[in-house]
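Structural features, examined
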Amino acid sequence: MMKKSLVAVAVMAVSGMASAQSTVTIYGLIDAYFGSVKSGTLTQTVVNSGGLQSSRFGFKGTEDLGGGLKANFVLEAGFNVDTGASRAYDNPYTNAATTAMFGRQTFVGLSGGFGEVKLGKMWTPFDEVKGSGAAGFDANVFAPATNVWSSNSYSDLPGNAIYYSTPNFSGFSAAVMHSFGENKTATVGAGSISSMNVAYSAGPLAAALSYQTQKSTGAVAATKYTQLNGSYDLGVVKLLGAYGTTKNQSSPVTTLAQEKTKEYQLGLDFPVSSTFTLSGGYARSKGTRAAGASELKRTGYGIAGLYAMSKRTNLYAGYQNAKETAAGLADRKDSTVGVGVRHTF
Amino acid sequence: MMKKSLVAVAVMAVSGMASAQSTVTIYGLIDAYFGSVKSGTLTQTVVNSGGLQSSRFGFKGTEDLGGGLKANFVLEAGFNVDTGASRAYDNPYTNAATTAMFGRQTFVGLSGGFGEVKLGKMWTPFDEVKGSGAAGFDANVFAPATNVWSSNSYSDLPGNAIYYSTPNFSGFSAAVMHSFGENKTATVGAGSISSMNVAYSAGPLAAALSYQTQKSTGAVAATKYTQLNGSYDLGVVKLLGAYGTTKNQSSPVTTLAQEKTKEYQLGLDFPVSSTFTLSGGYARSKGTRAAGASELKRTGYGIAGLYAMSKRTNLYAGYQNAKETAAGLADRKDSTVGVGVRHTF
Amino acid sequence: MMKKSLVAVAVMAVSGMASAQSTVTIYGLIDAYFGSVKSGTLTQTVVNSGGLQSSRFGFKGTEDLGGGLKANFVLEAGFNVDTGASRAYDNPYTNAATTAMFGRQTFVGLSGGFGEVKLGKMWTPFDEVKGSGAAGFDANVFAPATNVWSSNSYSDLPGNAIYYSTPNFSGFSAAVMHSFGENKTATVGAGSISSMNVAYSAGPLAAALSYQTQKSTGAVAATKYTQLNGSYDLGVVKLLGAYGTTKNQSSPVTTLAQEKTKEYQLGLDFPVSSTFTLSGGYARSKGTRAAGASELKRTGYGIAGLYAMSKRTNLYAGYQNAKETAAGLADRKDSTVGVGVRHTF
C-alpha cells in the first residue's frame with residue numbers, strides 16, 4: 001500500500017520533469033503494404049511504402065517562453081520503407097525531383113495569442129485542408145481521387161517560405177503562406193507560390209475553402225488551384241465531399257496539357273465497430289485541353305478497411321481504380337490492390 | 001535507510017514507466033581505424049570506417065499488443081565515420097550503387113507465438129547466418145574470406161521484401177524471405193530474390209544451412225548461393241568453419257566471370273583473457289570461369305585482436321591478406337592492416 | 001510536505017539514473033532568416049538558413065571508462081531549414097561538393113589526462129579558433145569578413161583524419177590534426193591536410209594562433225593559411241580582432257587567382273542589456289594575383305543585433321556588405337540584410 005503510493009508519486013514527479021526538461025520529441029509513422037499495382041498496361045507485384053500515409057520520422061520541440069508565447073520547431077524526414085531511401089519531392093521552381101534529408105518539413109517559429117508564424121519549409125495551407133473531404137483514410141493510395149484529380153500535382157512543400165495561421169475564433173481559422181522562388185535572373189523575375197485557407201469546424205460539421213497559385217518563374221503564367229472540402233458526421237456514418245477547379249494545369253497521369261479542370265469526390269467513413277472502419281468513395285475530373293483538343297475525363301473509386309490492433313498499430317486492405325478517357329485516344333486504366341500495416345511511434 | 005528505499009522504488013517506477021511509454025530506442029555503432037590498404041599494386045594510408053563492423057545508427061521500437069503479439073519496427077542507417085556519408089548499397093535489380101537514408105534496414109512487422117513477419121527492407125536469411133562461421137569478429141575487413149570468397153557479392157538487403165521466421169523449436173529455427181524486383185517491362189518479367197536458412201544452436205554447437213537465389217530481371221539466369229556455417233565452443237578456444245558454393249557468379253575483385261565456385265574457411269576465436277580475444281583463420285575459393293578460360297583460385301588469411309575497455313568500447317588491431325591466381329594472368333594481392341576503435345551506444 | 005520530499009527524491013533518483021543509463025544525447029540548432037541577398041548585380045528576396053549559425057542536429061555520447069578515461073562520439077548533420085536538404089560540403093581532395101548524411105562531424109575517440117584523440121571527420125584545429133576574433137556572432141552571414149577574406153575557402157572538415165588536443169595547462173591548450181587524401185595513383189602521391197592551433201584564455205583575454213596547409217594531391221603545391229585571433233573583454237564592450245595570411249589561394253568570390261593575401265578584421269560585441277547585444281566590425285583583404293596581374297582588394301563591414309527571448313531562442317537582425325576592386329576590372333558588391341530566429345535544442 002505504501003509502496004504503491006510512492007510509485008504513483010514517483011511517476012508523477014518523473015512525468016513533470018520530463019515535460020520540463022525534454023526539448024525534443026522523436027516521432028514517426030511506418031506504413032508498408034503488399035499488393036499489385038497496375039499502371040496503364042503493366043502490372044507489378046510489389047511491397048510498397050505508404051498505403052495509407054507516407055512513412056516518416058521526425059524531431060520536434062516546443063519551448064515555453066512565458067506569457068503564452070512559445071518557440072516551436074519541426075524536422076521531418078520522409079522515406080520509403082521498402083527501400084530505405086529518402087522520399088523525393090518535386091522542387092516547384094526547377095521541376096526537378098530532389099531528395100532532401102528532411103524532405104517533409106523543416107521550420108522554426110513562434111506561437112501565441114496572435115496565432116503562429118513559421119519560417120522554413122512547411123505544408124502549404126492548401127495542402128493542410130486538402131484531404132479533409134477525402135475517403136480512403138488520408139488521401140493516399142486508396143483515395144478515390146488518386147490518379148484522377150489534376151490538382152494532385154500541386155506543390156505541397158515549396159520551401160523558402162513564411163507561414164502565418166490565426167488562432168481559432170469560435171470554430172473559424174485561417175492560414176496564409178508565401179514561398180520565394182529565389183531564382184531571379186538578369187532578365188526574368190523570381191517565381192513564387194502563395195497559398196491560403198479558411199476553415200470552420202464545430203460539432204459534426206467541418207468545411208474548408210482553400211486557394212493556391214504557383215509560378216515557377218516570373219516569366220510564366222500562374223497555375224491556380226481552388227478547392228472546397230467538407231465533412232458531416234452523422235455518427236453511424238461520416239459524409240465526405242470535395243469540389244475543386246484548376247487552371248493551366250498539366251495532368252499527373254498523362255502528358256496532355258489541361259487548360260481548365262473541374263473535379264469532385266464523394267465518400268463515406270463507416271465505423272463498423274470500435275476497431276474496424278470502412279471508407280470508400282467516387283471521384284471525377286473533367287478538363288479542357290489545349291485549343292482544339294478534345295475534352296479529357298477521368299473517374300475513379302476507392303475502398304479501404306482499417307482494423308485497429310491498437311491505437312498505434314493498424315492493419316488495412318484497400319482497392320483503388322482510375323480510368324482516363326479522351327476522344328481519339330485509347331483509354332488508360334490504373335489500379336492498386338493491397339494489404340498492409342501502419343505503425344506510429 | 002528510508003531515503004534509499006524511496007530511491008529504489010522511484011527507480012523501479014521510472015523503469016516501469018519507461019518501458020510502458022518509451023516507443024522508440026536510439027542505438028548505434030561507430031567503428032573507425034587507422035591503417036594501410038593495399039589494393040592490387042596501390043597502397044593507401046587511410047582512416048577508414050568499419051574495421052570490425054559497419055558504422056550505423058538506428059531507431060527501433062516494440063509495442064505490446066497483448067496476447068503475446070507485438071508490433072516491431074527498425075529504421076537503421078549506415079554511414080562511413082571517415083566521411084559522414086551514407087553508406088551506398090547495391091540495388092540488385094539495377095546493379096547501381098544507391099545511397100539511402102536508412103541504407104541498412106527499414107521494416108515494420110508483427111511477432112508472436114507464430115514467429116515473426118516483416119515487411120520492407122531487411123537482411124536476407126542467407127545474410128543472417130553467413131558470418132556465424134567466420135573468424136575476424138563478424139566478417140568485415142579482417143575476416144579471412146574478405147576479397148577471397150565469390151559469395152561476398154550476394155545481395156544482403158534487396159528491399160521490396162516479405163520475411164518470415166519461425167519461433168525457436170528446441171534449438172532449431174528457420175527463416176524465409178522473398179523480394180520483388182518490381183521491374184517488369186512489356187517484354188521481360190520482374191526479377192526476384194529468394195533466401196532461406198535453417199539454424200540449430202544448443203550448448204557449444206551452432207550450425208546453419210542457408211540458400212539464396214537471385215535474378216535481376218526475369219530474362220536472366222539466377223545466381224545461386226549455398227552455404228553451411230558452424231562453430232563449436234571448446235571453452236579454451238572456439239572452432240569456426242564454413243563451406244559454400246556459388247553458380248553463375250561474377251567475381252567481387254576482378255571482372256572475370258566465374259561459372260561455378262567452391263569455397264571454405266576455417267578459424268579460431270581464442271579468449272586470451274576476460275578482456276582480450278584473438279581471432280584468426282584461413283579461406284579459399286576455387287572457381288571455373290567462362291567456357292575455355294582457366295580456373296581462378298583465391299586464398300586469404302586474417303588475424304585480429306580485440307581488447308574490451310568496456311562492454312561498449314573496444315580497441316582492435318588486425319591484418320588480412322588475399323591472393324588471386326589464374327593461369328595466364330598476373331597474380332593479384334590485396335591486404336589491409338589497421339588499428340581502431342569500436343564504440344556502441 | 002511528505003509528498004514534496006518524495007517528489008524531490010524521485011527526481012534525484014531519475015536524474016541519477018538518466019545520467020548513468022543515457023548513452024546518447026540529441027541536440028540541434030535551427031536558424032532561419034527572411035531577407036534580401038545581393039550577389040554582384042542580382043538581388044533576391046529570400047528565406048534562408050543559418051543567418052547566425054548553420055542549422056544542424058546531432059547525436060553525441062560519452063562513456064566513463066574509469067580512471068578519468070572516457071570514450072566519446074559525435075554524429076552531426078548539417079541541413080538547410082529553407083529546403084530540408086543536407087548541407088553540401090566541399091571535398092578538398094576532389095573539389096566536388098558532396099552531400100553527406102552527417103556532413104558536419106562523425107568521430108569516435110578517447111579522452112583523459114593525456115588530452116583527447118579523435119578518429120573520423122572533425123573540425124580542423126584552424127577552424128576551431130577561426131571565428132574567435134570575429135564580430136557578427138560566430139562568423140556566418142553578418143560577419144565583416146564574409147565575401148571578403150580569401151581564407152574563408154579553407155577546408156574545415158576534410159575527413160579521413162586523426163586529431164589530438166592537449167589538456168588545458170594554466171590557460172594554454174593546443175591541437176593538431178592530419179587528414180589523409182587516400183587518392184594516391186600509380187603516378188601521383190596522395191594529398192593531405194595538416195592543421196594546428198595554440199590557444200590561450202585567462203580572465204578577459206583570449207588569443208589563438210593557427211596554421212593549416214592543404215594539398216589536394218601530392219602533385220600540387222600546398223595552400224597555406226596562418227591566422228591570429230584575439231579578444232579582450234572590457235565588460236562594457238568586448239574587443240575583437242584577427243589577422244591572417246594565405247599563400248597560393250584562389251578567391252571565394254571571383255575566379256581570380258591570388259598568389260598571396262594579407263587580411264584583418266576588427267570588431268566589437270556590445271551588450272546593450274542583459275537580453276540585447278550589438279556586434280559589428282570591419283574587414284579587409286589585399287592580395288597579389290598571378291604574375292603581372294593587378295592587386296585585388298576587398299573590404300567589408302557587418303553589424304547585427306541579437307535579442308534573447310530565452311537562453312535557447314533568439315531573434316536577430318543584421319546587415320553585411322562586401323566590395324571587391326581590382327585595377328582594370330569592374331567593382332563587385334555583395335550584401336545581405338535579414339531578420340531571423342535561432343533556436344537550440
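Residues numbered from 1 in each chain as written. Chains lettered and ligands numbered in written order. Predicted model: local features only at pLDDT ≥ 70, side-chain atom pairs only at ≥ 80, totals over all residues. Heavy atoms only, no water.

We now examine the overall build of chain A. Per the secondary structure count, chain A includes two helices and 19 strands. Counting across all 345 residues of chain A, residues that qualify as buried make up 51%. Considering only intrachain contacts with a sequence separation of at least 6, the fraction spanning at least 24 residues in chain A is 56%. By element, 59% of the accessible surface of chain A is carried by carbon and sulfur atoms, the whole surface being about 14500 Å². (Helix = DSSP H or I, 4+ residues; strand = E, 2+ residues; numbered from the N terminus. Buried < 20%, exposed > 50% of the residue type's maximum accessible area, 1.4 Å probe, protein only. Contact = heavy atoms within 4.5 Å. Areas by Shrake-Rupley, 256 points an atom, 1.4 Å probe, with all protein chains shown as cover.)

Okay, the interface of chain A and chain B next. With 40 residues of chain A in contact, the opposing surface of chain B contributes 38 residues. Buried surface at the junction of chain A and chain B, both sides included, amounts to about 3300 Å², of which 77% is carbon and sulfur. The interface formed by chain A and chain B holds zero salt bridges in total. Run the count over chain A and chain B and you get 13 residue pairs in polar contact (both at pLDDT 80 or more). Of all the elements in the fold, those that place two or more residues in the side of chain A that touches chain B are helix 1 (2-21), strand 1 (25-39), strand 2 (42-49), strand 3 (56-66), strand 18 (313-326) and strand 19 (332-344) of chain A. Residue contributions to the side of chain A that touches chain B peak at eight residues, all from helix 1 of chain A. Grouping the amino acids of the side of chain A that touches chain B by side-chain chemistry returns 25 nonpolar, twelve polar and three charged. (Buried area = accessible area lost by both parts, 1.4 Å probe. Salt bridge = Lys/Arg side-chain N within 4 Å of Asp/Glu carboxyl O. Polar contact = N/O pair within 3.5 Å; in protein donor to acceptor, adjacent residues only side chain to side chain. Nonpolar A, V, L, I, M, F, W, Y, C, P; charged D, E, K, R; others polar.)

Here we take up the interface of chain C and chain B. At the junction of the two partners, chain C supplies 38 residues and chain B supplies 40 residues. Of the roughly 3200 Å² buried at the junction of chain C and chain B (both faces included), carbon and sulfur atoms supply 77%. Linking chain C with chain B are zero salt bridges, by the criterion used here. For the pair chain C and chain B, the number of links is 13 residue pairs in polar contact (both at pLDDT 80 or more). Elements with a contribution of two residues or more to the side of chain C that touches chain B: helix 1 (2-21), strand 3 (56-66), strand 4 (69-78), strand 7 (105-112), strand 8 (115-121) and strand 9 (161-165) of chain C. Top contributing element to the side of chain C that touches chain B by residue count: helix 1 of chain C, with seven residues. Within the side of chain C that touches chain B, the residues separate by chemical class into 27 nonpolar, seven polar and four charged.

Our focus in this paragraph is a positive patch on the surface. Together, A:Lys224, A:Lys247, A:Lys260 and A:Lys262 make up a positively charged patch on the protein surface. Among the secondary structure elements, A:Lys260 is positioned in strand 15 (residues 257-271). (Patch = residues over 30% accessible without salt bridge, like charges linked within 9 Å, V, L, I, M, F, W, Y side chains within 5 Å. Lys, Arg positive; Asp, Glu negative; His and termini not counted. Charge placed at Lys NZ, Arg CZ, Asp CG, Glu CD.)

Superposition of chain C onto chain B requires a rotation of 120 degrees combined with a translation of 0.0 Å along the rotation axis, giving an RMSD of 0.0 Å. Overall, the copies show the geometry of a three-fold rotation axis. Different-surface contact between copies: only 18% of interface residues of chain C are shared with the interface of chain B. (Least-squares fit on C-alpha atoms with pLDDT ≥ 70 in both.)

Further remarks concern the relation of the copies chain A and chain B. Taken together, a rotation about one axis and a shift along it account for how the two chain copies relate. Between chain A and chain B, the superposition needs a rotation of 120 degrees and an axial shift of 0.0 Å, giving an RMSD of 0.0 Å. Taken together, the interface assignments show that only 18% of the residues at the interface of chain A recur at the interface of chain B, consistent with different surfaces on the two copies.

A separate point is the pairing of strand 9 (residues 161-165) of chain B. Residues and elements named next belong to chain B. Along strand 9, the buried face is formed by Ala-161, Tyr-163 and Ser-165; none of Ile-162 and Tyr-164, which line the opposite face, is buried. In terms of strand pairing, strand 8 (residues 115-121) meets strand 9 through five bridges, oriented antiparallel. Residue Lys-118 lies in a different strand from strand 9, and its bridge partner there is Tyr-163. Where strand 9 lies against strand 10 (residues 172-180), five bridges are found, and the strand directions are antiparallel. (Pairing = 2+ DSSP bridges.)

It is worth spelling out the pattern of salt bridges at this point. Enumeration according to the criterion identifies twelve salt bridges over all chains in this entry. Note that A:Glu324 and A:Arg298 form a salt bridge whose closest N and O atoms lie 2.7 Å from each other. Of this pair, A:Glu324 sits in strand 18 while A:Arg298 is found in strand 17 (residues 296-308), placing the two residues 26 residues apart along the sequence. Classification of A:Glu324 by relative accessible area gives buried; the value is 8%. What makes A:Arg298 buried here is its relative accessible area of 1%. Close ionic contact of B:Arg332 with B:Asp334 constitutes a salt bridge, the shortest N to O distance being 2.9 Å. The buried category is assigned to B:Asp334, whose relative accessible area is 6%.

The next point concerns the pairing of strand 17 (residues 296-308) of chain B. All names here are of chain B. In this structure, strand 16 (residues 276-289) lies alongside strand 17, joined through twelve bridges in antiparallel fashion. When the bridges of strand 17 are listed, Gly-280 appears paired with Ile-303. Examined bridge by bridge, strand 17 and strand 18 (residues 313-326) share 13 bridges and lie antiparallel to one another. Bridge pairing in strand 18 places Ala-308 opposite Asn-314.

Moving on, we get to the side chain of B:Asn229. All names here are of chain B. Residue position: Asn-229 is located in strand 13 (residues 223-233). Look at Asn-229 and you get buried, because its relative accessible area is 1%. Of note is the side chain of Asn-229, whose polar atom sits 3.1 Å from the backbone nitrogen of Gly-133.

Membership of the largest hydrophobic core comes to 57 residues, with the highest contact counts inside it found for A:Phe57, A:Phe59, B:Phe57, B:Phe59, C:Phe57 and C:Phe59. In this structure A:Phe57 touches A:Tyr27, A:Gly28, A:Leu75, A:Glu76, A:Ala77, A:Phe79, A:Phe345, B:Phe59, B:Leu75, B:Met101 and B:Phe102, once residues within four positions along its chain are discounted. (Core = buried A, V, L, I, M, F, W, Y, C linked by side-chain atoms within 4.5 Å.)

Moving on: the environment of B:Ser170. Within the secondary structure layout, B:Ser170 lies in the loop between strand 9 and strand 10. With 30 residues separating them in the primary sequence, B:Ser170 and B:Tyr200 have C-alpha atoms 8.6 Å apart.

Here we come to the side chain of C:Ser179. All names here are of chain C. For Ser-179, the location among the structural elements is in strand 10 (residues 172-180). Given a relative accessible area of 0%, Ser-179 falls into the buried group. Side chain to side chain, Ser-179 and Tyr-93 meet in a polar contact 2.6 Å long. Discounting chain neighbours no more than four positions away, the residues touching Ser-179 are Tyr-93, Pro-158, Gly-159, Asn-160, Ala-161, Gly-191, Ser-192 and Ile-193.

The subject of this paragraph is a nonpolar patch on the surface. A cluster of nonpolar side chains, A:Phe169, A:Phe172, A:Val198, A:Leu209, A:Leu228, A:Tyr243, A:Tyr264, A:Leu266, A:Tyr282 and A:Tyr301, forms an exposed patch at the surface whose accessible area comes to about 990 Å². Along the chain, A:Phe169 turns up in the loop between strand 9 (161-165) and strand 10 (172-180).

We now examine unusual backbone geometry. A positive phi angle is found at B:Ser170, which is not glycine, with a value near 50 degrees. A relative accessible area of 69% places B:Ser170 in the exposed class. Although it is not a glycine, C:Asn160 sits at a positive phi angle of roughly 50 degrees. The topology assignment puts C:Asn160 in the loop between helix 2 (125-130) and strand 9. Here C:Asn160 falls in the buried class, since its relative accessible area comes to 8%.

A few words on the environment of C:Thr246. With respect to the secondary-structure elements, C:Thr246 resides in strand 14 (residues 238-250). Those residues in contact with C:Thr246, other than ones at most four positions away along the chain, are C:Ser150, C:Ser151, C:Lys224, C:Tyr225, C:Glu259, C:Lys260, C:Thr261 and C:Glu263.

So, on to the packing of aromatic side chains. Enumeration according to the criterion identifies 45 aromatic pairs over all chains in this entry. Judged by centre distance (6.3 Å) and plane angle (65 degrees), the ring pair of A:Phe59 and B:Phe59 falls under edge-to-face. Of the two residues, A:Phe59 sits in strand 3 while B:Phe59 sits in strand 3 (residues 56-66), which places them in two different chains. No difference in accessibility class separates A:Phe59 from B:Phe59, as the two residues are buried. By the ring-pair criterion, three or more aromatic residues cluster together here, those being A:Phe57, A:Phe59, A:Phe79, A:Phe102, B:Phe57, B:Phe59, B:Phe79, B:Phe102, C:Phe57, C:Phe59, C:Phe79 and C:Phe102. A:Lys118 extends its terminal NZ or CZ atom over the ring of A:Phe107, reaching a point 4.7 Å from the ring centre. (Phe/Tyr/Trp six-rings, centres within 6.5 Å; stacked < 30°, edge-to-face > 60°. Lys NZ or Arg CZ within 6 Å of the ring centre and 35° of its normal.)

The next point concerns the confidence of the model for chain A. All names here are of chain A. The predicted model of chain A averages 89 in pLDDT, with 89% of residues at 70 or higher. Considering only residues more than four positions removed or in separate chains, one finds that residues 1-21, a stretch of pLDDT under 50, has 27 contacts. Of the two predicted TM-score estimates for the complex, the pTM is 0.91 and the ipTM is 0.89. (pLDDT = per-residue confidence, 0-100.)

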